[in-house]
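Residue strings, one per chain:
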Amino acid sequence: MTQQSTSLLVGLLAGVSAALLLVSAGSPSGISFMLFAAAALPILIAGLGWSNLASILAVLAAMAVIGLATTPQAALVSTVTTLAPAAWIAHLSNLARPAEEVGGPEGAIVWYPLSDIFVNIALCVCVALVAVGLALGYGADFVGELVEIFVATLKDSNTSYQPSAEGLAEMKQFFLYALPAIQAAMWVLILFAGWYVASGIVRMSGRSKRSKDDIPSQLRMPRMGALALAAGVALSFIDGGIGLIGWTISGAFGMGFVAAGFAVAHHRTRGKPARGLLLWVAYLATVLFTVPLAFFLFLGLFDTARSLTATGSGPNSNT
């Protein structure tokens with residue numbers, strides 16, 4: 001079987017796998033979120049381990065299967081939010097250039113920077129969520145209906161729960177702006193986790209083109225990310241759709257700096273006797289109280305860089 005034929009077969013299988021995960025996630029169950037989060041893995045593995053052709057075919061196959069099993073609208077949303085970003089991230093991860101072009105040793109190559117991959121993840125999430133929000137008509141009425149359903153569910157499980165009209169209005173206002181930021185932050189984290197897991201799987205299979213990145217020392221957001229975050233925060237003070245876009249940008253790039261902050265903590269505690277305990281406490285406190293997120297956000301903001309992963313040989317393709 002030729003390399004192209006293998007890529008076509010792998011892409012087809014990956015697309016069907018991703019589609020089955022997404023369709024299964026549409027059915028209410030305890031593992032729906034896990035299935036939805038794992039849907040990018042087949043696309044990433046196809047792109048990282050085989051070729052762009054494999055990941056592109058995987059996206060098209062997944063679109064077709066989802067469209068037939070559900071609706072064309074669901075297929076389009078899945079493509080914009082999950083499938084296409086996964087293929088793009090895989091493509092970027094396999095880009096490399098001669099090290100001498102960036103002042104490195106002759107004969108070595110450098111890979112597309114991890115920091116820039118993370119920025120692209122944040123950008124993909126922003127574009128996808130804004131596009132989906134516009135298509136669905138996200139706004140006060142849309143969120144109001146969601147909150148009404150949520151409150152009705154709470155009342156069914158707890159008859160003593162009777163929110164006041166003022167409390168209900170405050171809840172709707174909170175979720176109107178909180179949902180774009182939370183969704184953007186969570187989806188950035190999910191896509192990055194998918195890239196990390198897929199990269200590990202491809203390396204174990206022996207098909208990885210890219211060297212292993214030292215995430216603690218290399219995961220830093222570039223200065224462009226800080227500018228994007230500042231722009232998002234500024235836009236969030238504007239009423240209407242522009243403000244909602246600002247909250248989306250703030251959530252996506254804010255999570256980028258939070259992740260960079262955790263990477264800094266991992267890097268600076270290397271070799272410390274109590275490293276495991278310190279990191280465990282940091283993660284636990286973040287999950288329980290969320291307040292430490294602000295600390296790691298500022299830690300990431302104060303340490304911006306673009307580190308390169310270099311190897312002695314590899315493909316000679318420019319970034």
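Residues numbered from 1 in each chain as written. Predicted model: local features only at pLDDT ≥ 70, side-chain atom pairs only at ≥ 80, totals over all residues. Heavy atoms only, no water.

Visitor: If you had to explain the packing of aromatic side chains to someone new, which residues and values would you point to?
Guide: Under the definition given, this model contains ten aromatic pairs. Residues F118 and F192 carry aromatic rings whose centres are separated by 4.8 Å and whose planes lie at 40 degrees to one another, so their mutual orientation is tilted. Here F192 lies in helix α8 (residues 165-205) and F118 lies in helix α6 (residues 114-136), a separation of 74 residues in the sequence. For the pair shown, F118 and F192 are each scored as buried. One aromatic cluster is present, built from ring pairs that chain together F262, Y283, F295 and F296. (Phe/Tyr/Trp six-rings, centres within 6.5 Å; stacked < 30°, edge-to-face > 60°. Helix = DSSP H or I, 4+ residues; strand = E, 2+ residues; numbered from the N terminus. Buried < 20%, exposed > 50% of the residue type's maximum accessible area, 1.4 Å probe, protein only.)

Visitor: Lay out the packing of helix α11 (residues 241-268) against helix α12 (residues 275-289) in plain terms, naming residues and giving numbers.
Guide: Direction vectors running N to C along α11 and α12 enclose 160 degrees, while the axes themselves pass 10 Å from each other. With respect to α12, the element α11 is oriented roughly antiparallel. In this structure, α11 crosses over α12, and the sense of that crossing is right-handed. On α12, the residues touching F262, A265 and H266 of α11 are R275, L279, Y283 and T286. (Axes fitted to C-alpha atoms, helices over the stretch in contact; angles between N-to-C directions. Parallel < 35°, antiparallel > 145°, perpendicular 65-115°, else oblique. Left-handed = near helix turned anticlockwise from the far one by under 90°. Contact = heavy atoms within 4.5 Å.)

Visitor: Lay out the domain arrangement of the protein chain in plain terms, naming residues and giving numbers.
Guide: Domains assigned within the protein chain are domain 1 (1-94) and domain 2 (112-310). Between the C-alpha centres of domain 1 and domain 2 the distance comes to 22 Å. Across the domain 1 to domain 2 interface the summed buried area is about 2,000 Å²; carbon plus sulfur atoms make up 76%. On the domain 1 side of the interface with domain 2, the three residues burying the most area are L48, I89 and L92, jointly 26% of the side's total. Along the contact surface separating domain 1 from domain 2 lie seven residue pairs in polar contact (both at pLDDT 80 or more). Elements represented by at least two residues in the side of domain 1 that touches domain 2 include exactly α2 (32-38), α3 (40-49) and α5 (72-93). (Domains from an automatic or database assignment. Buried area = accessible area lost by both parts, 1.4 Å probe. Polar contact = N/O pair within 3.5 Å; in protein donor to acceptor, adjacent residues only side chain to side chain.)

Visitor: So what about unusual backbone geometry? Which residues, and what values?
Guide: Non-glycine residue T290 carries a positive phi angle of around 60 degrees. Along the polypeptide, T290 turns up in the loop between α12 and α13 (292-301). Look at T290 and you get partly exposed, because its relative accessible area is 47%.

Visitor: Tell me what's going on with the side chain of S78, and back it up with residues and numbers.
Guide: As for its placement among the helices and strands, S78 is situated in helix α5. Given a relative accessible area of 10%, S78 falls into the buried group. Excluding residues within four positions of it along the chain, S78 makes contact with L22, I66 and L83.

Visitor: Tell me about the state of the cysteines, and please be specific about residues and values.
Guide: Taken as a whole and assessed by the stated rule, the structure comprises zero disulfides. In this model C124 remains outside any disulfide bridge; the closest cysteine sulfur is found in C126, 9.4 Å from its own. (Disulfide = S-S within 2.5 Å.)

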